[in-house]
Amino acid sequence: MPSLRFAPDFPRFSRQFTAAGQGARAALGQSEFGRRVALAREVCPEEHEAGKPRLVRMLAEAAVLLEPVRRRRRKIDIAITANPQMAMLLPGFATHPVRMRYLAQQLEIAGHRTKRWGLGFNWGPDEERFTQLEARLVDLHVCHGKPVVLIGWSLGGLFARELAKRQPQAVAKVITMGSPFSGSPRANNVWRAYQFITGHSVDAPPIDADLAAKPPVETVAMWSANDGAIAPRCAAGRPGERDRAVAVRCTHMGFTYEPQVITTLLDELEATR
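Just so it is clear, the structure is predicted and the values come from calculations on it, not from any experiment.

## Description of the overall build of the protein chain
Tallying secondary structure elements over the protein chain gives 10 helices and six strands in all. Taken across its 273 residues, the protein chain has 46% of its residues classed as buried. In the protein chain, the share of contacts with a sequence separation of at least 24, taken over all contacts with a separation of at least 6, comes to 78%. For the protein chain, the computed accessible surface area is about 14200 Å², with 58% contributed by carbon and sulfur atoms.

Structure, rendered in structure tokens:
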């Protein structure tokens, strides 16, 4: 009697695996994760990304890893202010206010008062966050007895500009640091990560905002040609989109610790009325 052998139907198994793979891809595409992946992989015309920093600039951002060592040897001559201000610091995208603590400490050495924005990590905008920020800004204004200076780093600067449009009576000045309020919102090296994390397109935020419109208060844009994340021209803005553009030499992360940034901020606070 001949031995029986199992002869698998390979075409049938192949069809089953193919169907299973197609089903898995379809399920992924319909899931929230799949939607975010699609946002991150969105096709973008080259002209929309024109001006974004080269990769070598992005690699230079790794210098932040040496900052704890450099900080021990750093000495910044800080004079006591004759014009103390209250400043609220708004962190950049996907960062916590702790990232701006060193900067806050230097401003406080001069005699200014600093406050965190009170919302923890900055995971992007929505109306609820803006409502909470407006309430905090108004409270600081009332408690301090005079308008507050808003200092926003990167995405935090966009928050600061929109806050000043909504509550101009509570804001003395807006200072942005490497904030992409001008030009294409895709002229940077982080827009794909932003879309994946927030779940919305950079040019369709879930709030009513005109990023390029200047707030009705004094607005200063700090920018750096060494920025590895944001296109310098987007952070500097055009005339009419801000009152003044101030160039500094630092990386994008360096906006939170470089001495030139700190002395520039101290000068701006001293000149605030």
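Next comes the rest of the write-up.
## Some remarks on the sheet that holds strand 6 (residues 244-248)
Strand order in the open sheet made by the six strands is 2-1-3-4-5-6, with parallel pairing throughout. Strands with a single pairing partner mark the edges of an open sheet, and in this sheet they are strand 2 (113-116) and strand 6. Strand-to-strand twist in this sheet, taken as the mean axis angle between neighbours without regard to direction, amounts to 20°. With six bridges connecting them, strand 3 (residues 148-153) and strand 4 (residues 171-177) associate as parallel partners.

## Things to note about the nonpolar core
Counting 30 residues, the largest nonpolar core has I151, M177, M222, F255, V261 and L265 as the members making the most contacts within it. Those elements giving two or more residues to this core turn out to be strand 1 (86-90), helix 5 (101-109), strand 3, strand 4, strand 5 (218-224), strand 6 and helix 10 (259-270). In terms of residue count, the dominant contributor to this core is helix 10 (five residues). When sequence neighbours within four positions are dropped, the list of residues in contact with I151 reads A87, M88, L89, L90, M100, L107, I175, M177 and L265. By size, the runner-up hydrophobic cluster in this structure holds 29 residues, among which are L90, F159, A160 and Y194.

## Some remarks on the environment of A87
Note that A87 resides in strand 1. Taking relative accessible area as the criterion, A87 reaches 1% and is therefore assigned buried. Separated by 60 residues in sequence, A87 and P147 place their C-alpha atoms 9.2 Å apart. The contact partners of A87, leaving out residues within four places of it in the chain, are R113, T114, K115, V148, V149 and I151.

## A few points about the pairing of strand 3
The element strand 3 is extensively covered by neighbouring structure, given that six of its six residues are classed as buried. Residues V148, L150 and G152 of strand 3 are buried on one face, and the alternating residues V149, I151 and W153, pointing to the opposite face, are buried as well. Sheet topology note: the strand 1/strand 3 ladder contains four bridges and is parallel. Paired with M88 across the strands is L150, a residue of strand 3. The parallel pair strand 3 and strand 4 is bridged by helix 7 (residues 155-166), and the resulting crossover is right-handed.

## Things to note about the pairing of strand 2
In the sheet, strand 1 pairs with strand 2 via four bridges, with the strands oriented parallel. Paired with M88 across the bridge in strand 2 is K115. Assessed by its sense of winding, the connection that carries the chain from strand 1 through helix 5 to strand 2 is right-handed.

## Section: helix 6 (residues 127-144)
With 18 residues, helix 6 extends 25 Å between its outermost C-alpha atoms, agreeing within 8% with the 26 Å of an ideal straight helix rising 1.5 Å per residue. All of the buried residues along helix 6 are R129, F130, L133, E134, L137 and L140. Across the axial projection of helix 6, the buried residues extend over an arc of 135°, all falling on one side. Across from the buried face of helix 6, at angles greater than 90 degrees, the exposed residues are E128, V142 and C143. Where helix 6 is buried, its residues touch strand 1, strand 2, strand 3, helix 7 and strand 4.

## Structural notes on the packing of helix 5 against helix 10
One way to put it is that helix 5 packs onto helix 10 with a least axis distance of 10 Å and a crossing angle of 50°. Taken together, the axis directions place helix 5 and helix 10 in an arrangement best described as oblique. Seen from above, helix 5 lies across helix 10 with right-handed handedness. Every residue of helix 10 that contacts helix 5 at Y102, L103, Q106 and L107 is listed here: I262, L265, L266 and L269. When the residues that make up the contact of helix 5 with helix 10 are grouped by side-chain class, the tally is seven nonpolar, one polar and no charged.

How each quantity is defined
- Residues numbered from 1 in each chain as written.
- Predicted model: local features only at pLDDT ≥ 70, side-chain atom pairs only at ≥ 80, totals over all residues.
- Heavy atoms only, no water.
- Helix = DSSP H or I, 4+ residues; strand = E, 2+ residues; numbered from the N terminus.
- Buried < 20%, exposed > 50% of the residue type's maximum accessible area, 1.4 Å probe, protein only.
- Contact = heavy atoms within 4.5 Å.
- Areas by Shrake-Rupley, 256 points an atom, 1.4 Å probe, with all protein chains shown as cover.
- Pairing = 2+ DSSP bridges.
- Axes fitted to C-alpha atoms, helices over the stretch in contact; angles between N-to-C directions.
- Core = buried A, V, L, I, M, F, W, Y, C linked by side-chain atoms within 4.5 Å.
- Right-handed = clockwise from strand over helix to strand, strands pointing away.
- Expected span 1.5 Å × (residues − 1).
- Arc of directions from axis to C-beta.
- Parallel < 35°, antiparallel > 145°, perpendicular 65-115°, else oblique.
- Left-handed = near helix turned anticlockwise from the far one by under 90°.
- Nonpolar A, V, L, I, M, F, W, Y, C, P; charged D, E, K, R; others polar.

Treat this as a map of the structure, not an account of what it does.
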